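# Inside the fold
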Amino acid sequence: MKTSLVIMAAGIGSRFGGGIKQLEPVDTNGHIIMDYSIHDAVEAGFNKIIFIIRKDIEADFREVIGNRIEAVCRKCGVEVHYAFQDIRDIPGELPEGRTKPWGTGQAVLAAKEYIKTPFVVLNADDYYGKEVFRKMQEYLTIPKGPGKLHMAMAGFVLKNTVSPNGTVTRAICRTDRNGMLTDLEETKGIYLENGRVYREKYGAEGRATPESLVSMNMWAAYPEFVAELERGFADFLAEQDGDPLTKEFLLPVFVEKLLKEEKVQVQVLPTAEQWI
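Attention here is on the structure that accompanies the text. (Residues numbered from 1 in each chain as written. Predicted model: local features only at pLDDT ≥ 70, side-chain atom pairs only at ≥ 80, totals over all residues. Heavy atoms only, no water.)

## Overview of the overall build of the chain
- Within the chain, the secondary structure is distributed over six helices and eleven strands.
- In terms of C-alpha radius of gyration, the chain reaches 18 Å, essentially the compact-globule figure of 19 Å for 276 residues.
- Looking at the chain as a whole, 50% of its 276 residues are labelled buried.
- By sequence separation, contacts in the chain at least 24 residues apart represent 73% of the contacts at least 6 residues apart.
- In the structure as shown, the chain presents an accessible area of about 13,600 Å², 50% of it carried by carbon and sulfur atoms.
- For the chain, the separation between the mean place of its 34 positive charges and that of its 40 negative charges on side chains is 2 Å. (Helix = DSSP H or I, 4+ residues; strand = E, 2+ residues; numbered from the N terminus. Rg over C-alpha atoms; globule rule 2.2 N^0.38 Å. Buried < 20%, exposed > 50% of the residue type's maximum accessible area, 1.4 Å probe, protein only. Contact = heavy atoms within 4.5 Å. Areas by Shrake-Rupley, 256 points an atom, 1.4 Å probe, with all protein chains shown as cover. Lys, Arg positive; Asp, Glu negative; His and termini not counted. Charge placed at Lys NZ, Arg CZ, Asp CG, Glu CD.)

## Re the packing of helix α1 (residues 33-44) against helix α4 (residues 130-141)
- At a closest axis distance of 9 Å, the pairing of α1 and α4 adopts a crossing angle of 40 degrees. Judged by the angle between their axes, α1 and α4 are oblique. Where α1 crosses over α4, the handedness of that crossing is right-handed. Contact residues: S37, H39, D40, A41, E43 and A44 in α1; K130, F133, R134 and Q137 in α4.
- Here the contact of α1 with α4 is built from residues that sort into three nonpolar, three polar and four charged. (Axes fitted to C-alpha atoms, helices over the stretch in contact; angles between N-to-C directions. Parallel < 35°, antiparallel > 145°, perpendicular 65-115°, else oblique. Left-handed = near helix turned anticlockwise from the far one by under 90°. Nonpolar A, V, L, I, M, F, W, Y, C, P; charged D, E, K, R; others polar.)

## Points about the state of the cysteines
- Using the criterion set out here, one finds zero disulfides in the structure.
- Not part of a disulfide, C73 finds its nearest cysteine sulfur in C76, a span of 6.5 Å.
- Overall, C76 belongs to the partly exposed group, its relative accessible area being 48%. (Disulfide = S-S within 2.5 Å.)

## A closer look at the pairing of strand β10 (residues 213-221)
- Within β10, eight of the nine residues are buried, which leaves the element mostly enclosed by the surrounding structure.
- As defined by bridge partners, strand β4 (residues 119-123) adjoins β10 across three bridges and the pair is classed as antiparallel. Its bridge partner being in β10, V120 is matched across the sheet by A220.
- Judged from the five bridges that link them, strand β5 (residues 149-157) and β10 form a sheet pairing that is antiparallel. (Pairing = 2+ DSSP bridges.)

## Examining the nonpolar core
- Counting residues in hydrophobic clusters, the biggest one holds 46 residues, and the most contacted among them are L5, F51, F133 and M136.
- With five residues, α4 is the single largest residue contributor to this core.
- Excluding its chain neighbours within four sequence positions, the residues that come into contact with F51 are I7, M34, I38, F61, I69, V80, H81, Y82 and A83.
- Core analysis: the second largest hydrophobic core is formed by 39 residues, V6, A110, I115 and A221 among them. (Core = buried A, V, L, I, M, F, W, Y, C linked by side-chain atoms within 4.5 Å.)

## Focus: helix α2 (residues 58-75)
- When the local axis directions of α2 are compared, the greatest deviation, roughly 50 degrees, occurs at G66.
- What α2 keeps buried is the set E58, F61, I65, G66, I69, E70 and C73.
- Buried-residue contacts for α2 involve α1, β2 (48-53) and β3 (79-84).
- Residue G77 follows α2 closely and has a positive phi angle near 70 degrees. (Bend = angle between axes of the 7 residues up to and from the residue.)

## With respect to the side chain of E228
- Assignment of secondary structure puts E228 in helix α5 (residues 223-238).
- You can call E228 buried: its relative accessible area is 15%.
- Leaving out residues up to four positions away in the same chain, E228 has contacts with L149, F254, L258 and K263.

## Quick word on the environment of Y198
- Positionally, Y198 belongs in strand β8 (residues 196-199).
- Note: C-alpha distance between Y198 and P210 (twelve residues apart in sequence) is 9.9 Å.

## So, helix α6 (residues 251-260)
- Most of α6 sits inside the fold, with seven of its ten residues counted as buried.
- L251, P252, F254, V255, E256, L258 and L259 are the residues of α6 that are buried.
- Just downstream of α6, E262 is the residue with a positive phi angle, here 60 degrees.

## Side note on the packing of aromatic side chains
- Under the criterion given, the structure shown has 15 aromatic pairs.
- Relative to F249, the ring of F236 has its centre 5.3 Å away and its plane inclined at 40 degrees; by these criteria the two rings are tilted. Placement of F236 in helix α5 and of F249 in the loop between α5 and α6 is noted, with a sequence separation of 13 residues between them. Both residues of the pair, F236 and F249, count as buried.
- Plain terms: the ring middles of F249 and F254 are 5.5 Å apart, the flat faces sit at 55 degrees to each other, and that makes the pair tilted. F254 matches F249 in its accessibility class, with the two residues each being buried.
- Each member of the aromatic cluster is reached from another via a ring pair, and the members are W102, F225, F233, F236, F249 and F254. (Phe/Tyr/Trp six-rings, centres within 6.5 Å; stacked < 30°, edge-to-face > 60°.)

Here is the structure:
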């Protein structure tokens, strides 16, 4: 079965240089995080790579990253495509004064013409590990029954995703006895101290332990999810709540909405991989 890896990289700055996390070498050979994600995905069986970038960084992206990865993928028989996220690519008029990108939900919609197979979508600047790509590939290739939308989410152990350099934002997950997602709550200001979870300004966090599973924005889905996402984005834009200049259409928030509406079932695939 053909499966695609969708990499959300539109957040890379137009000025390539030091300090941009996605482009910092992570080994002595100059590889960046995306090299590892793509290598692990291809090794697991994914055979199409879709980069979501901005049009204004295309030339630089191809020169610094894309051309090299395309050459490697070509030898492995893996397709490479580019999709472009643009804040003007919306149904209706762009709100006057809007300059902020619309978020990860709209990023996936930018790639809809290429998403024709089961797929995994993830951030360009996070390292997820080999194990989770194998689990995602296995999930996508198992036939699913009719009814609700089917998705999977990589569930990382909270203590493996914190940073020594400050607090982090994580979506804390709750599951039923079958490992199906029942609740997803984005929580800001998380840090660990003396084996307990704390939130900046709030103290001890009672809803999570260091062993709790969290989302790192790595999702597996099928093409029909994209159609639902498109409808959801149109509804999001039509809603009157939120500042039209700053509100964002985010994947985890939309998935949580579908959960509450009982339109989706999400299998949480736990992993002990260490986040970088």
